[in-house]
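# Architecture and fold: a report
The residues making up each chain are set out below.
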Amino acid sequence: MKRHLTLLLSLCSSLFIFLLSLFQWDLDDRIGKYVSPYIFVLPFFLLLTLWTLIYLFSSRKWLPLAIQVITVVLWFFIPFEQLNLEINFKLHQQKREEVAANIQSGVLKADGVDYPSLIPFSNEPDNSSLVDLPKEYASVSRGRDDVAVETKGKAISVLFFTSSGLFGHFSGFVYDPKNRKPSSGDFGMKFDEIEKIQKNWYYISY
């Protein structure tokens, strides 16, 4: 019974680590504002790893510890950041296109006033281009409650943030209904990377 319980706990802890790593962005948006899920999962995983090591010496059963070690190795080598990006894009693509359509039709509008920034970084969106999001669309722009817009003729490109770090560094998905590639300088910012994801969608970062 003790052997089976240790093996089961080892499998569960590894599964929790992988699920948390795969869906970290959405979990952060939902509960990360209050407490990080890692606070509970990581100590559980580390304590269980220590227990499986003790269990190996006491019972000569190596499988639980092997599962823990393999989990650590995979966690370092699997590109979870890229997987998070792809999962987040697929999960929220429809909602993001709804937001873009609402902005294009005028249902959602930018403030129109360019307030001075309290933190004058050299690379940040123009305040006049920001559109506040209703609560039901809060998950489409990670860590923010707004998106940035760029008007090109009659069409409007929309930038959905995937990260908005310190010192003007950021990344995001750009939706353009005309499938036009974003240019550095759009949204009042410069880009280092511009990559096409699929028709009408691009990934940008700085």
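Scroll up to find the structure this text is about.
Residues numbered from 1 in each chain as written. Predicted model: local features only at pLDDT ≥ 70, side-chain atom pairs only at ≥ 80, totals over all residues. Heavy atoms only, no water.

## Quick notes on the packing of aromatic side chains
A full pass over the atoms with the stated rule returns ten aromatic pairs. Consider the rings of Phe89 and Phe173, whose centres lie 5.2 Å apart with planes at 55 degrees: the pair is tilted. With Phe89 in helix α5 (residues 80–105) and Phe173 in strand β4 (residues 170–175), the pair connects residues that are 84 residues apart, well separated along the chain. Among the residues examined, Phe89 registers a relative accessible area of 3% and is labelled buried. Between Phe89 and Trp201, the ring centres sit 5.2 Å apart and the planes meet at 85 degrees, which makes this aromatic pair edge-to-face. Taken together, the positions of Phe89 in helix α5 and Trp201 in strand β6 (residues 201–205) put the pair 112 residues apart, joining distant regions of the chain. Here Phe89 and Trp201 have matching classes, each one buried. Among the aromatic residues, ring-to-ring pairing joins Phe89, Phe160, Phe173, Tyr175, Trp201 and Tyr203 into one connected group. (Phe/Tyr/Trp six-rings, centres within 6.5 Å; stacked < 30°, edge-to-face > 60°. Helix = DSSP H or I, 4+ residues; strand = E, 2+ residues; numbered from the N terminus. Buried < 20%, exposed > 50% of the residue type's maximum accessible area, 1.4 Å probe, protein only.)

## Some remarks on the pairing of β6
Most of β6 sits inside the fold, with five of its five residues counted as buried. By the alternation rule, side chains of β6 split into Trp201, Tyr203 and Ser205 and Tyr202 and Ile204, which are all buried. Examined bridge by bridge, β4 and β6 share five bridges and lie antiparallel to one another. If you follow Tyr175 over to β6, its bridge partner there is Trp201. Remark: two residues form the turn of the hairpin made by strand β5 (residues 193–198) and β6, two consecutive strands paired antiparallel; Asn200 in that turn has positive phi of roughly 80 degrees. (Pairing = 2+ DSSP bridges.)

## Quick word on a nonpolar patch on the surface
Where nonpolar side chains cluster on the molecular surface, the patch consists of Val69, Val72, Val73, Trp75, Phe76 and Phe77 and spans about 620 Å² of accessible area. Here Phe76 shows up in helix α4 (residues 63–77). For Phe76, a relative accessible area of 61% corresponds to the exposed category. (Patch = residues over 30% accessible without salt bridge, like charges linked within 9 Å, V, L, I, M, F, W, Y side chains within 5 Å. Areas by Shrake-Rupley, 256 points an atom, 1.4 Å probe, with all protein chains shown as cover. Salt bridge = Lys/Arg side-chain N within 4 Å of Asp/Glu carboxyl O.)

## A look at the nonpolar core
Taken as a class, soluble globular proteins show a tendency for nonpolar side chains to be buried jointly. One finds Val99, Ile103, Val147, Val158 and Phe160 to be the most contacted residues of the largest nonpolar core, which totals 20 residues. Listing elements by their share of this core, those giving two or more residues are α5, β2 (146–152), β3 (155–164), β4 and β6. Contact partners of Val99, with chain neighbours within four places excluded, come to Leu108, Leu133, Tyr137, Val140 and Phe160. Formed by eleven residues, the second largest nonpolar core is a distinct cluster that contains Leu130, Leu159, Phe187 and Phe191. (Core = buried A, V, L, I, M, F, W, Y, C linked by side-chain atoms within 4.5 Å. Contact = heavy atoms within 4.5 Å.)

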